[in-house]
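Understanding the architecture of this molecule
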Amino acid sequence: LEGLVEPGLGQARGFTALAWVRDAFVSHAGIDPWPGTLNLRLAGAGDAAAWQGIRARGGTLLPAGDASSCDAETWPVTLTAGARSVPAAIVLPRVPGYPAERLELVSPVGLRALLELVDGARV
């Protein structure tokens, strides 16, 4: 899948810092999450179709840890930008209306800084 870096809403930083969220990522995805996510918008129709096929097969369920949160699914991935690669996980919140063309990535490192990514960068 290819996508373009987009700005986020700033909500994931606090969410990934919650103890139950961190524990869920560590136990279900093998990732101790960096605070926040990297947001990508899928680059084209082929990427959207491929992502739809991956979603249809299902990911690993991350159950909500409290009543004010939602379940999510996750898929392990390797994020590549230029010559660098980093382990990550796509996280898909199970909320109505979540944009089909958006990917949120969680990683044990700050992806923007490590991969020198700016809004609009292709990964």
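This structure is a prediction, so every number in the text was calculated from the model and none was measured.

Attention now goes to helix α2 (residues 19-29). For α2, the complete set of buried residues consists of V21, A24 and F25. What you see down the axis of α2 is that its buried residues fit within an arc of 95°, all on one side. Exposed residues on α2 whose side chains face more than 90 degrees from its buried face are A19 and S27.

In this section: the side chain of D47. Structurally, D47 can be placed in helix α3 (residues 45-57). For the buried D47, no salt bridge is present, and the opposite-charge side chain at shortest range is R122, 5.8 Å distant. Every residue in contact with D47, bar those within four places of it in the chain, is listed here: L1, E2 and L42.

Glancing now at the nonpolar core. Counting residues in hydrophobic clusters, the biggest one holds 20 residues, and the most contacted among them are L38, L40 and L117. Elements that contribute at least two residues to this core include exactly β2 (38-42), β4 (72-81), β5 (84-93) and β6 (102-106). For this core, the element with the highest residue contribution is β5, accounting for four residues. Those residues in contact with L40 that sit more than four places away from it in its chain are G3, L4, V5, E6, L79, E101, R102, L103, L105 and V123. The next biggest cluster of nonpolar side chains, apart from the first, holds nine residues, and it includes V21, F25, A72 and A89.

What follows is about the sheet that holds β2. Across a sheet, strands are paired by hydrogen bonds formed along the backbone, either parallel or antiparallel in direction. The strand order β1-β2-β6-β5-β4-β3 describes an open sheet built from six strands, whose pairing is antiparallel. Only two strands of the sheet have a single partner each, and these edge strands are β1 (3-6) and β3 (60-62). Within the sheet, the average angular offset between the axes of one strand and its neighbour, ignoring direction, is 45°. In this structure, β2 lies alongside β6, joined through four bridges in antiparallel fashion. Paired with L40 across the strands is L103, a residue of β6. Across the face of the sheet, α2 comes into contact with β3, β4, β5 and β6 while running at roughly 165° to β3.

Applying the stated rule across the entire model yields one aromatic pair. Between W51 and W75 the ring centres are 5.0 Å apart and the planes differ by 75°, which places this aromatic pair in the edge-to-face class. With W51 in helix α3 and W75 in strand β4, the pair connects residues that are 24 residues apart, well separated along the chain. Relative accessible area serves as the criterion here: at 1%, W51 is assigned to the buried category. We note R102 situated over the ring of Y98; from NZ or CZ to the ring centre the distance is 5.8 Å.

Turning our attention to unusual backbone geometry. Positive phi, normally seen in glycine, also occurs at E116, with a value near 55°. Inspection of the secondary structure puts E116 in the segment after α4 (111-114).

A few words now on the pattern of salt bridges. Tallied over the full model, the rule gives six salt bridges. Across the pair R22 and D32 runs a salt bridge, and its minimum N-O distance is 2.8 Å. Taken as a pair, R22 in helix α2 and D32 in the loop between α2 and β2 lie far apart in primary sequence, ten residues in all. Using a relative accessible area of 36% as the deciding quantity, one classes R22 as partly exposed. Its salt-bridge partner being D119, residue R112 comes within 2.6 Å of it at the nearest N-O pair. Classification of D119 as partly exposed rests on a relative accessible area of 44%.

The rules behind the values
Residues numbered from 1 in each chain as written. Predicted model: local features only at pLDDT ≥ 70, side-chain atom pairs only at ≥ 80, totals over all residues. Heavy atoms only, no water. Buried < 20%, exposed > 50% of the residue type's maximum accessible area, 1.4 Å probe, protein only. Helix = DSSP H or I, 4+ residues; strand = E, 2+ residues; numbered from the N terminus. Arc of directions from axis to C-beta. Lys, Arg positive; Asp, Glu negative; His and termini not counted. Salt bridge = Lys/Arg side-chain N within 4 Å of Asp/Glu carboxyl O. Contact = heavy atoms within 4.5 Å. Core = buried A, V, L, I, M, F, W, Y, C linked by side-chain atoms within 4.5 Å. Pairing = 2+ DSSP bridges. Axes fitted to C-alpha atoms, helices over the stretch in contact; angles between N-to-C directions. Phe/Tyr/Trp six-rings, centres within 6.5 Å; stacked < 30°, edge-to-face > 60°. Lys NZ or Arg CZ within 6 Å of the ring centre and 35° of its normal.

All we've got here are geometric facts, nothing functional implied.
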